[in-house]
Amino acid sequence: MNRVYLILQISKGNKLKIIDAYWEKRNLGCSSIEITVDKTDTLDDLKEALSTLKEPEYVVFKVPSGGVEFLEYLTDNGFYFMETVSEIHLDINSFNIPSKFVRFNETLKYKTLTLDSLDALGCEIKKGIFNTDRISLDARFGIGIAANRYFNWIEDEMSRGNNIYEILYKQEGIGFFGIKQITDDTFDNFLAAMFTGKPYFGFGFSTITKSIEEIIARKGKYLVTHVSSNNMPVIRLYSQLGFTINSMTYIMIKHFS
């Protein structure tokens, strides 16, 4: 599924990126617009953009860190803060797995999933393994709708040729991760989670180490991904594994109906 990007030209010459997130109608059951504010945009640009929009049911604003004046204006106009999303980066050539993880990592394998083998993964996702993002935490949506959205996302990525892998301990699935190529040498670990109710506490690191193994096998040099400020355990894990922050984005939302 290709995403259509609608660019609104502002009179001063700057551009505010406005995305008709039509795919969210299937995921969330409502019309959705996503608006990204660039560091070159001004508060007047934002105000003009809002004044020209026909109100959809759900609007998401993405504001670069430091844009406090945008947050203040959006808050005054009924938007509220949901999370900060950080883009983080790892130079795989300089990566060394921490010694405390080495022995456990060696006991784990991973395999590629197919579109025909997603039923078991879908069952795990429906158990609520994603519960820290802006959709699952939103009282209008919740964990059930978030689970459906994640599963649809996985199917869409696989239909585009990107890969989903299941992590195995003694042939039992304990988690998964997804990989897609961004440039010739850069890959995105775009989605990952451990399954619930498994007696293998402490294997969460494998969603990253196994991603790195796969990227190395595909001759990649860099891993880029995103993490929510609502998910502190994952933030701490990425920090332990040597990731650095490229950028931070505030997420503000509003329901219009």
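About the thresholds
Numbering of residues starts from 1 in each chain and follows the order in which that chain's sequence is written. In keeping with the model being predicted, local features are shown solely for residues with a pLDDT of at least 70 and side-chain atom pairs are shown and tallied solely at 80 or more, while totals for entire chains, interfaces and linings include all residues. Hydrogens are left out, water is left out, and the side-chain values use all remaining heavy atoms of the structure. Secondary structure is summarised from DSSP: a helix means a run of H or I of at least four residues, a strand means a run of E of at least two, and numbering begins at the N terminus for each. Here the globule rule is a power law, 2.2 Å times the number of residues to the power 0.38, and the radius of gyration is based on C-alpha atoms. Burial classification: accessible surface area is computed with a 1.4 Å probe over protein chains only, and a residue below 20% of its type maximum counts as buried, one above 50% as exposed, and the rest as partly exposed. Contacts are residue-level and defined by heavy atoms, with any inter-residue pair within 4.5 Å sufficient. Helix axes are fitted only over the stretch in contact, all axes being lines through C-alpha atoms; the angle between N-to-C directions runs from 0 to 180 degrees. The scheme is simple: roughly parallel for angles under 35 degrees, roughly antiparallel for over 145, roughly perpendicular for 65 to 115, oblique for anything else. Here a crossing is called left-handed whenever its near helix is offset anticlockwise from the far helix by less than a right angle, and right-handed whenever the offset is clockwise. Only Asp, Glu, Lys and Arg are considered charged in this grouping, and only Ala, Val, Leu, Ile, Met, Phe, Trp, Tyr, Cys and Pro are considered nonpolar; every other residue, Gly among them, is considered polar. Definition of nonpolar core: a set of buried residues of the types Ala, Val, Leu, Ile, Met, Phe, Trp, Tyr and Cys, connected through side-chain atoms within 4.5 Å. Whenever Lys or Arg places a side-chain nitrogen within 4 Å of a carboxyl oxygen from Asp or Glu, that contact is recorded as a salt bridge. Side-chain rings of Phe, Tyr and Trp, where Trp is taken by its six-membered ring, are said to pair if the distance between their centres is within 6.5 Å; with planes under 30 degrees apart they count as stacked, over 60 as edge-to-face, and otherwise as tilted. Note on pairing: two strands pair once DSSP finds at least 2 bridges between them.

Visitor: Even after reading the chapter, I still don't get the overall build of the protein, so can you show me in this structure?
Guide: Within the protein one finds 8 helices and 11 strands. Taking 257 residues into account, the globule formula puts the C-alpha radius of gyration at 18 Å, and the protein, at 19 Å, falls close to it. A principal-axis box enclosing the C-alpha atoms of the protein has dimensions of 60 × 35 × 30 Å. Taken across its 257 residues, the protein has 47% of its residues classed as buried. If you take every contact in the protein between residues at least 6 apart in sequence, the share linking residues at least 24 apart comes to 69%.

Visitor: Which parts of the structure should I look at to understand the packing of helix H5 (residues 119–126) against helix H6 (residues 143–159)?
Guide: Each pair of packed helices can be described by the angle between their axes along with the distance between the axes. Interhelical geometry of H5 versus H6 gives an angle of 150 degrees and a closest axis separation of 9 Å. Comparing the axis directions of H5 and H6 gives the class roughly antiparallel. The hand of the H5/H6 crossing is right-handed. Residues Leu121, Gly122, Ile125 and Lys126 of H5 form the contact with H6, whose own contacting residues are Ala147, Tyr150, Phe151 and Ile154. Looking at the contact of H5 with H6 residue by residue, the class counts come to 6 nonpolar, 1 polar and 1 charged.

Visitor: Explain unusual backbone geometry here, please?
Guide: Trans peptide bonds make up the majority, and among non-glycine residues the majority have a negative phi. Despite not being glycine, Gln171 has its phi angle at roughly 70 degrees, a positive value. Looking at the secondary structure, you find Gln171 in the loop between strand S7 (163–169) and strand S8 (172–181). On the accessibility criterion, Gln171 (69% relative accessible area) is exposed.

Visitor: Is there a simple way to explain the nonpolar core in this structure?
Guide: Side chains that are nonpolar tend, in soluble globular proteins, to be buried together. One finds Tyr58, Leu121, Ile125, Phe130, Ile154, Ile164 and Phe176 to be the most contacted residues of the largest nonpolar core, which totals 28 residues. Elements supplying a minimum of two residues to this core: strand S4 (58–64), strand S5 (80–91), H5, H6, strand S9 (186–194) and strand S11 (244–255). With 6 residues, H6 is the largest single contributor of residues to this core. With residues near it in sequence (within four places) discarded, Phe130 still touches Ile125, Ser136, Ile143, Tyr150, Phe176, Leu191, Ala192 and Ala193. Ranked by size, the runner-up nonpolar core spans 24 residues in total, among them Leu108, Tyr169, Leu223 and Leu241.

Visitor: Got a minute to help me understand the pattern of salt bridges in this structure?
Guide: Should their charged atoms come close, side chains of opposite charge can pair. Tallying each qualifying case throughout the model produces 11 salt bridges. Notably, a salt bridge pairs Asp156 with Arg26, separated by 2.6 Å at the nearest N-O pair. In this pair, Asp156 sits in helix H6 while Arg26 sits in helix H1 (residues 23–28), placing the two residues 130 residues apart along the sequence. The exposure class of Arg26 is partly exposed, given its relative accessible area of 40%. The partner of Glu34 in a salt bridge is Lys62, and the shortest N-O contact between them spans 3.4 Å. With Glu34 in strand S3 (residues 32–36) and Lys62 in strand S4, this residue pair connects regions lying 28 residues apart in the sequence. Connected through salt bridges with shared partners, the residues Glu34, Lys62 and Arg134 form a single ionic network.

Visitor: Would you mind showing me how to read the environment of Ser211 here?
Guide: Its location among the elements puts Ser211 in helix H7 (residues 206–217). The exposure class of Ser211 is buried, given its relative accessible area of 0%. Setting aside its immediate chain neighbours within four residues, Ser211 contacts Phe177, Ile179, Asn189, Ser206 and Leu223.

Visitor: Which parts of the structure should I look at to understand the packing of aromatic side chains?
Guide: Here the distance between the centres and the angle between the planes together describe a pair of aromatic rings. Tallying each qualifying case throughout the model produces 17 aromatic pairs. Here Phe79 and Phe256 contribute two aromatic rings whose centre-to-centre distance is 6.3 Å and whose plane-to-plane angle is 75 degrees, an arrangement assigned as edge-to-face. Placement of Phe79 in the loop between helix H3 (68–76) and S5 and of Phe256 in the segment after S11 is noted, with a sequence separation of 177 residues between them. Judged by relative accessible area, which is 26%, Phe256 ranks as partly exposed. Ring centres of Phe130 and Tyr150 lie 4.0 Å apart, and the angle between their planes is 25 degrees; this geometry places the pair in the stacked category. Of this pair, Phe130 sits in the loop between H5 and H6 while Tyr150 sits in helix H6, and the two are 20 residues apart along the sequence. Each member of the pair, Phe130 as well as Tyr150, carries the same accessibility label: buried.

Visitor: How should I be thinking about the pairing of S9 in this particular structure?
Guide: Regular strands place side chains that alternate from one sheet face to the opposite one. Taken across its 9 residues, S9 has 7 buried, putting it largely inside the fold. Across 6 bridges, S8 lies against S9 in antiparallel orientation. Of the residues in S9, the one forming a bridge with Gly175 is Met194. Count of turn residues in the S8/S9 antiparallel hairpin: 4 residues. Note: S9 against strand S10 (residues 222–228), 3 bridges, orientation parallel. The residue bridging Thr186 from the neighbouring strand is Tyr222, located in S10.

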